[in-house]
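# Structural overview
Residues per chain, in single letters:
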Amino acid sequence: MNKLNGYILLLGAGLMLLVSCKDDVKPVNEEEVINEVTIRLKDDHNREYNLEYRDADGSGPGVPVIKSDTLPTNTNLQGNISLLNTLVSPTEDITAEVSEEGTAHQFFYVFTDSPAPVIQYADMDADGYPIGIEIQCNTGDAYDGSLRVVLRHQPNKKGTGVATGDMTQAGGSTDVDILLPIVVR
Amino acid sequence: MKLHRYIILWSLLFGYGIIASAQPCNNIIKGYILDQHDLSALSYASVVVSGTSLGAEADSLGFFEIKGLCKGSYTLICSHVGCEPVKRKVEVVEAVTNLNFYPEHHAHELKQIFIRARTNQEITNVRNSLNAEQLRLMKSDGLTQTLATIPGLSVLSTGSNIEKPTIHGLYGSRIAIIQQGSRLEDQQWGSDHAPNIDVRLFDKVEVIKGAASVRFGAKAMGGAILLEQKPVYTGRQLKQEVLLSAESNSPGIAVSSVIQRGDTATHTGWKMAAGIKKYGDRSAPDFVLSNTGTTVADLGFSFGYHKGEKRHRITLSGYYNNAGLLAASQVNSQDDILRALEADKPLVIHPFSFGIEAPRQSAVHTNLLYNGQISLSKDHKLKLNVSYQYDNRREYDVRRGGRSNIPAVNMNLHTAQLELLEDHRWNDIFSGMVGLNILGQINVNNPNTQRRPIIPYYNLFNPGIFAYQQANLNHLTIEAGIRVDYQHLNALYYDLNQKLHEPRRNFGNVVFNIGISADILPEMRFKANTGLAYRAPDVNELYSNGVHLSSVAYEVGDPDLRSERLWKTIVELSNSKDSRLHYSIDMYFQLFRNYIYQRPNGFVSTIAGIKLRYDYVQTDAVFGGFDALMKYRILPWWQIEGKASGLRATNRATGLGIPLIPPLHISGESMFTLWKNKKNQTSLRAGINVSHFSEQKRYNPADLFAGPPPGYTLAGALIRYSGKKERNTLELKVTNLFNTRYSSYLNNLRYFAPQEVGRNWILQYRFGINQ
């Protein structure tokens, strides 16, 4: 019986220890979250046109703020896309990560209406397939619609049409999928 | 032996004759001979009246009757193969004397082992045990798959590696997995959190399908799975069992071994079990299921002392598991799912490989257990079970920036449990148990995941007390029990705006249970059981807020959830397993109030596109179903078996179905003994089986991404050679014989791969030394 009492005491003490110890719970830095997408376009005269998507709560349920400049007709624009995580400090540049893992990422730019401006890839990964960070845009005639910007992780870059920007056969999982209103005037 | 004969002779000549002439002797002693551990009938045990030629043999239900006794006092000796003979003095005064025997059944003579606490195991509750063959299967096929051979149990899976058992449509926190009095933790939090358990050390597996068990508490409201070891083996001879198996689909092998040895002089013994398993990618009929390989290693050791009723045992076990999740299941948005659903093959297919990449789960589970028993008197025992469990679960996602090697989920769960039981028998009729459980638990998340944890830091304190009492009458056992639980939960987490929350919840809950078990015909037993249980909501149900790995849903908990209440009633009609025609049919009814489930609630717009939002909500629900089993030995060499189970579940708020309810399942098996050598005890057996799963027609389209897949039928076959005394067996088995293309409703990843695993050949060799 004494032995038994001993056991109970020992365990009771163990339990108390378990319940009373508490580690510091720290907020987690979610570095890989993408909460800002910016497409910066420049014409030959260095005039800048920005398309912006900002989500203040990252993966949370909040509504994003979207802003896009009106683009001129029949103009050739050079530019790039930038992904940021401004929720951590210092701000994390996700574009650099995508660029580093270029073979495992590809952006797709799809206009919802037609006729529409044309966006072409202006960069390449280590295997010679496009990534889509650097782009070239021909705005064409007047347009009033949307541009869907998609970033696929681990796409099948060899799929039919994938290298020219058709994501039907691309597979992979979606890291970014946003809709930006576009007006060409 | 000689002495025995003389006694009989002597009593025949003198004793019996003398008494017989004195007065009419027409009194009767009758009763049951039941196993002390689990009250199972010890059929064909014998009772002799010492000093007379009188005696009787028990029938298949353990019932015996000795007629022709005179008034006076006698000594009865009850004996059974594998039991110590039990002597009892009895005074015959009335015409009929009731007397039950509870010999202690020793394990080594039996294929199936009972090492249960004496009686007192809620015997009126509907329960099934795995037989010797199923236990052997368990050591190669795993616990969940083997349990699914019991009608009413199914497998809820996340891909082909993560499997958890469901009983009557309930899983997770509503089902308890208990190993030697210690509840297995780390498997409750979601359908993709499978139990991490090393089954090799255990020799007995039992499933309680019945109503709320007061012994195991609210977390066993939907049923319990009990894993037990045989009593410590104290023989000096080394016993060893080696199991080797290889598979064709997902090429790979598994090797395991169990060794035990004891010392008779010191009443001690030890046992060691170890196993390792490595499989590559599985394949569906039309494609490779990429990244579905798995690696498992486990090691267990137990050391014990066993002398009469005094028992002590320490068990230490460790389990490591690294399981790949289907590569194509890593999706981020609703659009990804729609694309997956439209495709006729997974969106990511790599060539076959043994490698395991993200997405994957890796878990380490360790358990230290102490089981002790002392006897205060012959009918009064104290038992103490103490355990400490440590679980580390890591879930790896496909991530950017080299983070695929950083777990997205990294939880450390510490659980300490204490159970003190007082087991009593007042007389031949009344027995029972009183007990106290205390559980303390802490979950600590590793902060280096760079992802908000899905389960917050928490600590939990859960003491409970229970009592139940049993009355064993002639052909009837009545049982009633009550349990009271208190649960204190203290969680700590940061919300999306990095604001700290420190909610505390307290729950006080009760469990009631009453049941009867009646032998209505010599060969037929009826059981009825009804119970009420309240289960406190789990941490994830209360505080989830974010994206759950391997589910594209955004999950939102409700911190104000109340305890859910289940009232379950079950009736069962069955006969002895030894009968030529064995049957067992049960019907059950589960009435839920505040049933917690996930209901879709619109969309959450994120940068990766829209995600469905799922909220934890409560509703009232009704589950009704049946399980049936029939076995018939048509000829000595030909046996057939049929099983069926059906379940209908309704969400009372919508009138529609509830997600993940197993569809109607009917299966049949035919086994033939092709050849048998009685002298050598060798045999060759073959069998074929067919299993049909219907389409689940009852569901709410809003709960699912896509409607349930159509029904399907699978066939399998096996051929087995059993060597001398079954010391070694060689078996060749094939599952999904016709390489059928099908999809299982109960696979959470069915949206991402339109086909399940195809044909699989399994070759298994078992070798035993001194078994």
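From a predicted model like this one, the values you see are computed outputs, not experimental measurements.

## Let's talk about the overall build of chain A
Counting its regular elements, chain A contains two helices and ten strands. Residues counted as buried form 47% of the 185 residues belonging to chain A. Expressed as a percentage of contacts within chain A between residues at least 6 apart in sequence, the contacts between residues at least 24 apart total 64%. As displayed, chain A has an accessible area near 9200 Å², and 50% of this comes from carbon and sulfur atoms.

## Re the overall build of chain B
Counting its regular elements, chain B contains five helices and 41 strands. By the compact-globule yardstick of 28 Å for 771 residues, chain B fits well, its C-alpha radius of gyration being 28 Å. Overall, the C-alpha framework of chain B stretches about 100 × 60 × 50 Å when taken along its three principal axes. For chain B, buried positions account for 60% of its 771 residues. Partitioning the intrachain contacts of chain B with sequence separation of at least 6 by distance along the chain shows that 66% fall at a separation of at least 24. In chain B, 84 positive and 66 negative side-chain charges are present, and the distance between their average locations comes to 4 Å.

## Some remarks on unusual backbone geometry
The peptide bond linking Ser114 of chain A to Pro115 of chain A adopts the cis configuration, its omega dihedral lying at 0°. Among the secondary structure elements, Pro115 of chain A is positioned in the loop between strand 6 (105-111) and strand 7 (118-121). Residue Pro359 of chain B is bonded to the preceding Ala358 of chain B through a cis peptide linkage, with omega at 0°. Despite not being glycine, Ser250 of chain B shows a phi value in the positive range, around 50°. By secondary structure assignment, the location of Ser250 of chain B is in the loop between strand 15 (239-247) and strand 16 (252-263). Not every positive phi belongs to a glycine, and Asn594 of chain B is a case in point at roughly 60°. Within the fold, Asn594 of chain B resides in strand 34 (residues 581-606). Residue Asn594 of chain B is classed as buried on the basis of its relative accessible area of 13%.

## Quick word on the interface of chain B and chain A
Each side of the interface is counted separately: chain B has 51 residues, and chain A has 48 residues. It is Arg400, Gln450 and Ile607 of chain B in chain B that bury the most area against chain A; as a group they hold 19% of the surface buried on that side. The interface formed by chain B and chain A contains eight salt bridges. Residues Arg451 of chain B and Glu32 of chain A are paired through a salt bridge, measuring 3.5 Å at the closest nitrogen-oxygen approach. At the boundary of chain B with chain A, the tally comes to ten residue pairs in polar contact (both at pLDDT 80 or more). Of all elements in the fold, only helix 4 (334-342), strand 23 (380-396), strand 24 (409-425), strand 25 (430-445), strand 26 (457-472), strand 27 (476-494) and strand 34 of chain B reach the threshold of two or more residues within the side of chain B that touches chain A. Looking at the side of chain B that touches chain A element by element, the count peaks at six residues for strand 24 of chain B.

## Brief notes about the nonpolar core
Nonpolar side chains in soluble globular proteins tend to end up buried together. Within the largest apolar cluster, 45 residues are counted, with the highest numbers of intra-cluster contacts made by Leu143, Leu147, Val205, Ile225, Phe592, Tyr595 and Phe623 of chain B. In terms of residue count, strand 34 of chain B provides more of this core than any other element does, four residues in total. Grouped together as the second largest cluster of nonpolar side chains are 37 residues, Tyr121, Val149, Ala170 and Ile182 of chain A included.

## Section: the domain arrangement of chain B
Accessible area lost on assembly of the parts is the figure often given for the size of an interface. All names here are of chain B. Per the domain assignment, the segments making up chain B are domain 1 (2-105) and domain 2 (144-769). A separation of 44 Å is found between the C-alpha centroids of domain 1 and domain 2. Listed by partner, the interface residues are 16 residues for domain 1 and 17 residues for domain 2. Between domain 1 and domain 2 we count zero salt bridges in total.

## Some words on the confidence of the model for chain B
All names here are of chain B. On average, chain B scores 86 in pLDDT, and the residues at 70 or more come to 92%. Element-level pLDDT for chain B is lowest in helix 1 (residues 2-22), with a mean of 45, against a maximum mean of 96 in strand 36 (residues 638-651). This stretch, residues 9-22, has a pLDDT under 50; its non-local contacts, to residues over four places away or in other chains, come to eleven contacts. Within the model, pLDDT remains below 50 along residues 107-120, and this stretch shows 66 contacts once partners closer than five positions in the same chain are excluded.

Basis of the calculations
- Residues numbered from 1 in each chain as written.
- Chains lettered and ligands numbered in written order.
- Predicted model: local features only at pLDDT ≥ 70, side-chain atom pairs only at ≥ 80, totals over all residues.
- Heavy atoms only, no water.
- Helix = DSSP H or I, 4+ residues; strand = E, 2+ residues; numbered from the N terminus.
- Buried < 20%, exposed > 50% of the residue type's maximum accessible area, 1.4 Å probe, protein only.
- Contact = heavy atoms within 4.5 Å.
- Areas by Shrake-Rupley, 256 points an atom, 1.4 Å probe, with all protein chains shown as cover.
- Rg over C-alpha atoms; globule rule 2.2 N^0.38 Å.
- Lys, Arg positive; Asp, Glu negative; His and termini not counted.
- Charge placed at Lys NZ, Arg CZ, Asp CG, Glu CD.
- Buried area = accessible area lost by both parts, 1.4 Å probe.
- Salt bridge = Lys/Arg side-chain N within 4 Å of Asp/Glu carboxyl O.
- Polar contact = N/O pair within 3.5 Å; in protein donor to acceptor, adjacent residues only side chain to side chain.
- Core = buried A, V, L, I, M, F, W, Y, C linked by side-chain atoms within 4.5 Å.
- Domains from an automatic or database assignment.
- pLDDT = per-residue confidence, 0-100.

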